[in-house]
Amino acid sequence: MSVLGARCAREVVVLLGARGLLASLTARALREAGFSIVAVGRAEPHPLGVDVTREEAWQPAFWSQLLGAARGQGGSPRAIINFVTCKQGPAETLQQVNLAGVRALVAAATAAREQGAHPLTLHLGSAAEHRPERDARGYAGAKREAHAYCLTTPGVDVVLTLGIVQRTPSPAPAFVRFTLRHLPALAAVPVKVCSAEDVAQALVALVRHPVAPGEPPPASPSELWLEGREARLGELFGIAPHPVRARTWEPWMLRALATLRGEGFPWLARLGGFARIALGRAPNHYLGPAPGTAPTPSTELRELMSPGRWRILPFPRSADHVPFVRAAREAAALPP
Ligand SMILES: NC(=O)c1ccc[n+]([C@@H]2O[C@H](COP(=O)([O-])OP(=O)(O)OC[C@H]3O[C@@H](n4cnc5c(N)ncnc54)[C@H](OP(=O)(O)O)[C@@H]3O)[C@@H](O)[C@H]2O)c1
């Protein structure tokens, strides 16, 4: 075993929401990198079952016991990552679960520190939070509230915001591909995209090279952005780029699509969101921070920039918590 492998084998990463898509892939990537995993899930197959909406999960005492499992695996936690989310359902549930995930993360981090460990604590944000429409009730609003909690409650080291995450093969239903094929203006929306595997690799890189882990914990987290490769929205769904022909009905169709919110119908909601972005004031929404608005990367961060398909960048923050949408508007000289 290499020196690095031998070192990592004693290091444990705790994953909250371990049964989800990104957590599963991250667990695999971390294991391949030599880390041990403590998988905390809500239900089977995880022996460590925790419903984060239960108030006991917000108490460090609860996590002190649970982190014993980390010691049982031979180490104190190197990192604790919060993957818990709820994307659909009543607004109250969305808010409750997304916020509770961060509260559990903070409590787990406090417990770890009380035991003398200094894990990197990481929460995942979503570009959806920064949509110009600022939907207060849906997933975006719930994620925004969870993010705000990270900013105001000491204990979270890093918020890594993700843009579009691509799954291969894309699970998009046929009507989504049909719509994109017939609405070239929508298919042409520029995006930056990371595969789910890229997200996992970026998280491994962060765990290996924690960005300024605080001791005492930082008053507010480092804000990072995972930048992916450039693409057009249509490409994500296997629609080959084709010349845009002016169609009189297309703007009308886009406006109609933009009214879709689709509670309970996530793909309708996504199409509606894409249409609002295509029509809206921040059509560059999924490109991430506008050029020149992101802070200069630190030396530590420059090491984390992969030469491949993804890069970890500093994420500009603003007082009203809509950082790059505003920047994108300014870049496009649009009114606020
Ligand atoms: N996937 C994307 O495209 C994307 C894009 C941008 C940002 N993100 C962010 O990345 C993170 C992970 O996303 P994901 O797509 O991998 O999520 P996911 O597949 O939906 O997984 C979410 C996890 O949260 C768990 N969970 C839900 N309610 C819970 C509760 N009350 N107590 C404990 N656990 C609970 C779920 O457990 P069960 O399995 O038991 O339901 C599941 O394991 C989230 O913060 C998300 O906002 C994802």
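What counts as what
Residues numbered from 1 in each chain as written. Predicted model: local features only at pLDDT ≥ 70, side-chain atom pairs only at ≥ 80, totals over all residues. Axes fitted to C-alpha atoms, helices over the stretch in contact; angles between N-to-C directions. Helix = DSSP H or I, 4+ residues; strand = E, 2+ residues; numbered from the N terminus. Parallel < 35°, antiparallel > 145°, perpendicular 65-115°, else oblique. Left-handed = near helix turned anticlockwise from the far one by under 90°. Contact = placed C-beta atoms within 7 Å. Expected span 1.5 Å × (residues − 1). Buried ≥ 20, exposed ≤ 12 C-beta atoms within 10 Å, placed from the backbone. Pairing = 2+ DSSP bridges. Right-handed = clockwise from strand over helix to strand, strands pointing away. Near = placed C-beta within 6 Å. Nonpolar A, V, L, I, M, F, W, Y, C, P; charged D, E, K, R; others polar.

Colleague: I keep staring at the packing of helix α4 (residues 91-114) against helix α5 (residues 139-152) and nothing clicks. Help me out?
Modeller: Two packed helices can be described by the angle between their axes and the distance between those axes. Where α4 meets α5, the axes come as close as 8 Å, and the angle between the chain directions of the two elements is 25°. Taken as axis vectors, α4 and α5 run roughly parallel relative to one another. As α4 packs across α5, the resulting crossing turns out to be right-handed. Packed against α4, whose contacting residues are Leu94, Gln95, Asn98, Leu99, Gly101 and Val102, the element α5 presents Tyr139, Ala142, Lys143, Glu145, Ala146, Tyr149 and Cys150 at the interface.

Colleague: Looking at this model, I keep getting lost on α5. Mind explaining?
Modeller: For the α-helix, the turn length of 3.6 residues means that residues three or four positions removed from each other point alike. Taking 1.5 Å per residue, 14 residues should reach 20 Å; α5 reaches 20 Å between its end C-alpha atoms and fits that length. Those residues of α5 lying buried are Tyr139, Ala140, Ala142, Lys143, Arg144, Ala146, His147, Tyr149 and Cys150.

Colleague: Is there a simple way to think about the sheet that holds strand β6 (residues 158-162) in this case?
Modeller: Here we have eight strands laid out as an open sheet, ordered β3-β2-β1-β4-β5-β6-β9-β11, and mixed in their pairing. Edge strands, defined here as strands with exactly one partner in the open sheet, are β3 (48-49) and β11 (311-314). As judged from the two bridges shared by strand β2 (residues 36-41) and β3, these two strands associate in the parallel manner. Paired with Gly41 across the strands is Gly49, a residue of β3.

Colleague: Sorry, what's going on with the pairing of strand β4 (residues 77-82) here?
Modeller: It is a general feature of regular strands that their side chains alternate between the two faces of the sheet. Across the six residues of β4, six count as buried, placing the element largely inside the fold. Where β4 and strand β5 (residues 120-126) come together, four bridges link them in parallel fashion. Residue pairing for β5: Asn82 is matched across the bridge by His123. Traced from β4 through α4 to β5, the parallel crossover comes out right-handed.

Colleague: Before we go on, may I ask you to explain the site of the ligand in this structure?
Modeller: Taken together, 24 residues surround the ligand, and among them Gly17, Gly20, Leu22, Arg42 and Val165 come closest. Counting residues per element, the ones that place at least two in the shell around the ligand are α2 (21-32) and β5. Take the shell around the ligand: its biggest share by element is three residues, from α2. Taken together, the residues of the shell around the ligand break down into 13 nonpolar, six polar and five charged.

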